[in-house]
Amino acid sequence: MMKFLVSLFLGLSLMVTAAHAQNQPLRIEITEGVIEPLPFAVPNFVPDSGAASELADDLARVVAADLSGTGLFREIPASAYISQVTGFDDPIKFADWKAINAQALVTGAVNVSGNRVTVRFRVWDVFSDKEIEPGMQFSGTRDGWRRMAHKVADAVYSRITGEGGYFDSRVVYVSESGPKNQRRKRLAIMDYDGHNVQYLTDSSAIVLAPRFSPTGDRVLYTSYESGFPRIHVLDVGQVQRRVLESAEGTMSFAPRFSPDGQTVVYSLSQGGNTDLYTMNIASGQAQRLTSTPSIETAPSYSPDGQQIVFESDRSGTPQLYVMSASGGEAKRISFGQGRYGTPVWSPRGDLIAFTKQNKGRFHIGVMRTDGSEERLLTASFLDEGPTWSPNGRVIMFTRETRGENGRSSLYTVDISGRNLRPVRTPDGGSDPAWSPLQK
Amino acid sequence: MNLLSKISMAVALVAMTACTNNSALDDTNSVNLGGSAGAGAGSAADPSSPAYFQQAVGDRVLFEVDQSTLNDAARATLLAQANWLLENTDFSATIEGHADEQGTREYNLALGARRANAAREFLISRGVAGSRLKVVSYGKERPIEICSEEACYANNRRAVTVLAGGLTG
């Protein structure tokens, strides 16, 4: 069994090492190596009053859930604790935490003053008997307590992995209910972990494939409100929306923002032919990027705004291509077996996530931007539509089950292909788009 | 199927059509699921009624996997549609293109647009004015059959001509 596990781990190309020895800084190196999630403890935070007590427990649970959810950390349950943390400024009994092999310890304190909540926290490197960088604090209103927990978890994650976090982020998606042939769809927005769902539209018209603006304050999506697919832009805070200009007799869909938030790249279908266009959102001025009899859709900008990756069937089957953001000649980057679609450039710029359809199965995969080093992360009856976490470590996507009772739901997977997890939503869900980290 | 037997089948289907229309009223996503007449259906016994068009003429054509080319059966149906539209000039139509679920959402939208347009171009080539014919694609959003087998997929890869206007509308 051990041998099997070891070879399984070595077969994966991206690994995690909990590199930690005495007197070495506590660090998870997300590189090749053996996977061993880092054991940590998050005792319930210390409340400064009875009013803060429930919140102090809840905050610690969300921090723990965020960290465990990455697959890089393993929480040690409270039942194993030898000592309790009863005062935020009390000395840490390192020996007690070493004894249960908690390599990282997160302690916190909560102050509630009216509607104002302040969370202080520290991250301890147990085996070095010291704090990892100085403590920090976050303040906010009581109803924003989950965001504060996510911010604490992001800080812990960043300090230990050396990478940006992704917990204080939101996801816009399509909430789905009803049977397959009468599915009702409405736009919804939620925290990355499925909490705080709010609906942005009703289900009176089909809505598809929302995308966040680079600052997360606006959402582009496709709606059939007019009877025809048209691109709408919605202000998330005020839930105001407007339709982007489009000519009679055309259909427009697959909109995505440019990295500066000024331009939309999208598909426009006219006379049965679908090509890529850009439009300046303020002026409504459109520019045609492709001009071929084939289907061009699912565009995505590189983070520097210089290039666009998209899907085209100009070769006979859908494949991925990269071109300049102003159009012109495109270079094919997908050459494996099967059909490729929905390319999405990673926020780090190094990878492109995609949907692949091959031999009756669907996969979410990643490849380098030149098409090399393709890796398939998932396989099922129908997986599609990847979106990147703000730090480029995790991909969320739609999984639909087969058959008459087929249902869509959201999943996440690490770019190593590990840690496949469902995202719990009140109804079915599809077409997720991950926001940037919130400010 | 000859015309007479089509008509008799159409008459038998009238009751069913009425049911479809009633249930469509409850559908808040406001899509004509079966592509049943957007205009008042009327009686299928009346050759100038949308019900006749839908059932006797045939309101839909089917496509092969990933294809938008019209096969012989599709061309025969569209020829009958063209003749009907040339006779019944009060009607306009929206041609809905659809795809099966085996494909990504946005590609299927584009594929549905190709299919709807192939049907439209054929009708125009037979003399129907383009100004009477709109197209819309639903991609894989509105399957009429919901199993995940080719038997269902074959009926979902379709272009449906939905009538609007007319004296009964």
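The rules behind these values
- Residues numbered from 1 in each chain as written.
- Chains lettered and ligands numbered in written order.
- Predicted model: local features only at pLDDT ≥ 70, side-chain atom pairs only at ≥ 80, totals over all residues.
- Buried ≥ 20, exposed ≤ 12 C-beta atoms within 10 Å, placed from the backbone.
- Helix = DSSP H or I, 4+ residues; strand = E, 2+ residues; numbered from the N terminus.
- Pairing = 2+ DSSP bridges.
- Core = buried A, V, L, I, M, F, W, Y, C linked by C-beta atoms within 7 Å.
- Domains from an automatic or database assignment.
- Contact = placed C-beta atoms within 7 Å.
- pLDDT = per-residue confidence, 0-100.
- Axes fitted to C-alpha atoms, helices over the stretch in contact; angles between N-to-C directions.
- Parallel < 35°, antiparallel > 145°, perpendicular 65-115°, else oblique.
- Left-handed = near helix turned anticlockwise from the far one by under 90°.
- Nonpolar A, V, L, I, M, F, W, Y, C, P; charged D, E, K, R; others polar.

### Some details on the pairing of strand S23 (residues 319–324) of chain A
Residues and elements named next belong to chain A. With five of its six residues buried, S23 lies for the most part within the structure. The sheet contact formed by strand S22 (residues 307–312) and S23 spans six bridges and is antiparallel. Opposite Val309, over in S23, you have Val322 as the bridge partner. Counting the residues between successive antiparallel strands, the hairpin from S22 to S23 contains six residues, one of them, Gly316, with a positive phi of roughly 120 degrees.

### Digging into the nonpolar core
Ranked by internal contacts, the top residues of the largest apolar core, which has 149 residues, are Phe40(A), Leu59(A), Val63(A), Ala104(A), Val110(A), Val156(A) and Ile395(A). A total of 10 residues in this core trace back to one element, the largest contributor, which is helix H4 (residues 105–125) of chain B. Inspection of this core shows a minimum of three residues originating in each of domain 1 (37–161) and domain 2 (170–434) of chain A. Other than its neighbours up to four places away in sequence, Val110(A) contacts Phe45(A), Pro47(A), Asp48(A), Ala52(A), Leu55(A), Ala56(A), Leu59(A), Val117(A) and Val119(A).

### What about the confidence of the model for chain B?
Residue and element names in this part refer to chain B. For chain B, the mean per-residue pLDDT works out to 82, and 75% of the residues sit at or above 70. Confidence over residues 1–37 falls short of pLDDT 50; this stretch has 56 contacts with residues more than four positions distant or in other chains. Model confidence for the complex: the whole-complex pTM is 0.89, and ipTM, which rates the interface, is 0.91.

### As for the environment of Asp414(A)
Residue and element names in this part refer to chain A. As for its position among the elements, Asp414 is in strand S31 (residues 408–414). Exposure remark for Asp414: the 20 C-beta atoms within 10 Å place this residue in the buried category. Note: C-alpha distance between Asp414 and Met396 (18 residues apart in sequence) is 8.9 Å. Apart from the residues lying within four places of it in its own chain, the contact partners of Asp414 are Gly71, Arg393, Val394 and Asn419.

### Side note on the packing of helix H3 (residues 72–87) of chain B against H4(B)
All names here are of chain B. Interhelical geometry of H3 versus H4 gives an angle of 55 degrees and a closest axis separation of 9 Å. When the axes of H3 and H4 are compared, the pair comes out oblique. Crossing hand, H3 versus H4: right-handed. Between H3, through Arg75, Leu78, Gln81, Ala82 and Leu85, and H4, the contact on the second element is made entirely by Ala119, Phe122 and Leu123. In the contact of H3 with H4, the residues fall into six nonpolar, one polar and one charged.

### Focus: the interface of chain B and chain A
Taken together, the 26 residues of chain B in the interface contact 38 residues of chain A. Elements with a contribution of two residues or more to the side of chain B that touches chain A: H4 and strand S3 (133–139) of chain B. Ranked by residues supplied to the side of chain B that touches chain A, first place goes to H4(B) with 10 residues. Each residue belonging to the side of chain B that touches chain A can be placed in one class, and the counts come to 12 nonpolar, seven polar and seven charged.

### Comments concerning the sheet that holds strand S29 (residues 383–388) of chain A
Residue and element names in this part refer to chain A. With respect to topology, four strands assemble into an open sheet ordered S29-S30-S31-S32, the strand pairing being antiparallel. Either end of the sheet is taken by a strand with one partner, and the two such strands are S29 and strand S32 (421–423). Put simply, the sheet's adjacent strands are angled 35 degrees from each other on average, direction ignored.

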